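Each chain, written out:
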Amino acid sequence: MTPYKGRAPAFMAVTLATILVLSACSTPEPETGAEEEPTGDYVSFFWVEREVMVRTLDRMFAEGDPGQVVENIGDKRDRLFDTAIVRENGGGYYVELDKDEWNTEAVHNSGQIDGALADAMYHNEVTWCGEPVNGEDFVDAYMDEHWETLDTPEEYEASVIDYVDCGDGQP
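Throughout what follows, the structure given in this document is the object of discussion. Think of each chain on its own: its residues are numbered from 1, step by step along the sequence as written. Predicted model: local features are reported for residues with pLDDT of at least 70 only, side-chain atom pairs are reported and counted for 80 or more only, and whole-chain, interface and lining totals are derived from all residues. Calculation of side-chain values draws on the structure's entire complement of heavy atoms; hydrogens and water are dropped beforehand.

### So, the pattern of salt bridges
The rule for a salt bridge is simple: a side-chain nitrogen of Lys or Arg has to be within 4 Å of a carboxyl oxygen of Asp or Glu. Taken as a whole and judged by the stated rule, the model has seven salt bridges. K99 serves as the salt-bridge partner of E51, at 2.5 Å between the closest nitrogen and oxygen. Of this pair, E51 sits in helix α2 (residues 45-63) while K99 is found in the loop between β2 (92-95) and α5 (110-122), placing the two residues 48 residues apart along the sequence. Across the pair R59 and D165 runs a salt bridge whose closest N-O atoms are separated by 2.6 Å. Of this pair, R59 sits in helix α2 while D165 sits in the segment after α7 (153-164), and the two are 106 residues apart along the sequence. Accessibility here uses a 1.4 Å probe with only protein chains present; expressed as a share of the type maximum, an area under 20% marks a residue as buried, one over 50% as exposed, and anything in between as partly exposed. On the accessibility criterion, R59 (19% relative accessible area) is buried. A cluster of three or more residues bridged by salt bridges with shared partners is formed by E51, R55, K99 and E157. Here a helix means four or more residues in a row that DSSP labels H or I, a strand means two or more in a row labelled E, and each is numbered from the N terminus.

Laid out in structure tokens, this is it:
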């Protein structure tokens, strides 16, 4: 006879209850290709951060060699092409700023787009606003300073455009 007889069912019940509680608290996966576009007064952190990254990548292309910027992006480069955020034109590249033109169905969720953009920021520098700074640091500095200071997508868009143009990000 084992000394643990009778304890196994109790242990299993506690484990099962814990798993059920934890699974009930988890966040469901976003829909395939779903974008969290701003609605009403709510603007998500991820939407703002994505806006900063896209506008910064666009400026990286304008200020430097787009081919070099693309080459530097890293392992997630193909996601930017598959989603049509980065496009080829006559031997060069450009950033599609019109989100309606993006192919978000090419990825499982917007987090994959954000990951690819973050990869682009990590592997490239902002060189047009004084001393060169890593793109990721440039984006983080904007988010640290401006997140939750504005109310509408339009205000954030104006702020981001100003910031990427070396302004203070005040709309």
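So much for the structure itself; the text now carries on.
### Description of helix α6 (residues 135-146)
Look at α6: 17 Å from first C-alpha to last across 12 residues, which is about the 16 Å you get at 1.5 Å a residue. Along α6, the residues that are buried comprise G135, F138, V139, Y142, M143 and H146. Down the axis of α6, the buried set is contained in an arc of 130°. They therefore lie on one face. Within α6, the exposed residues directed more than 90 degrees away from the buried face are D144 and E145. Between two residues, a contact is recorded if the distance between any of their heavy atoms is within 4.5 Å. Those residues of α6 that are buried are in contact with α2, α5, β3 (125-126), β4 (133-134) and α7. Any N or O atom pair separated by 3.5 Å or less is treated as a polar contact, with the protein-specific requirement of one donor-capable and one acceptor-capable atom, and with residues adjacent in sequence counted only for side-chain atom pairs. Residue N134 occupies the N-cap position of α6, its side-chain oxygen lying 2.8 Å from the main-chain nitrogen of E136. At the C-terminal side of α6, E148 shows a positive phi close to 70°. The span expected for a helix works out to 1.5 Å for each residue beyond the first. Directions are taken from the helix axis to each C-beta atom, and the arc is the one they span.

### Overview of the nonpolar core
For the purposes of this section, nonpolar cores are sets of buried Ala, Val, Leu, Ile, Met, Phe, Trp, Tyr and Cys residues that join through side-chain atoms within 4.5 Å. The biggest cluster of nonpolar side chains holds 34 residues, and the ones touching the most others in it are L57, L80, L117 and Y142. Only α2, α3 (66-72), α5, α6 and α7 provide two or more residues apiece to this core. With eight residues, the top contributor of residues to this core is α2. The contact partners of L80, leaving out residues within four places of it in the chain, are L57, I73, I85, V86, A116, L117 and A120.

### Thoughts on the side chain of T83
On the secondary structure map, T83 appears in the loop between α4 (77-82) and β1 (86-89). A polar contact is formed between the side chain of T83 and the backbone oxygen of R79, at a distance of 2.7 Å. Polar contacts involving the side chain of T83 include one to the main-chain carbonyl oxygen of L80, which spans 3.4 Å. When residues no more than four places from it in sequence are discounted, the contact partners of T83 are W102, N103, A106, V107 and I113.

### Here we look at the packing of aromatic side chains
Planes of paired rings set the category: under 30 degrees apart is stacked, over 60 is edge-to-face and the rest tilted, where pairs are Phe, Tyr or Trp rings (Trp by its six-membered ring) whose centres lie within 6.5 Å. Under the definition given, this model contains seven aromatic pairs. For the ring pair W128 and F138, a centre distance of 6.2 Å and an interplane angle of 65° mean the geometry is edge-to-face. Of this pair, W128 sits in the loop between β3 and β4 while F138 sits in helix α6, and the two are 10 residues apart along the sequence. Each member of the aromatic cluster is reached from another via a ring pair, and the members are F45, F46, W147 and Y156.

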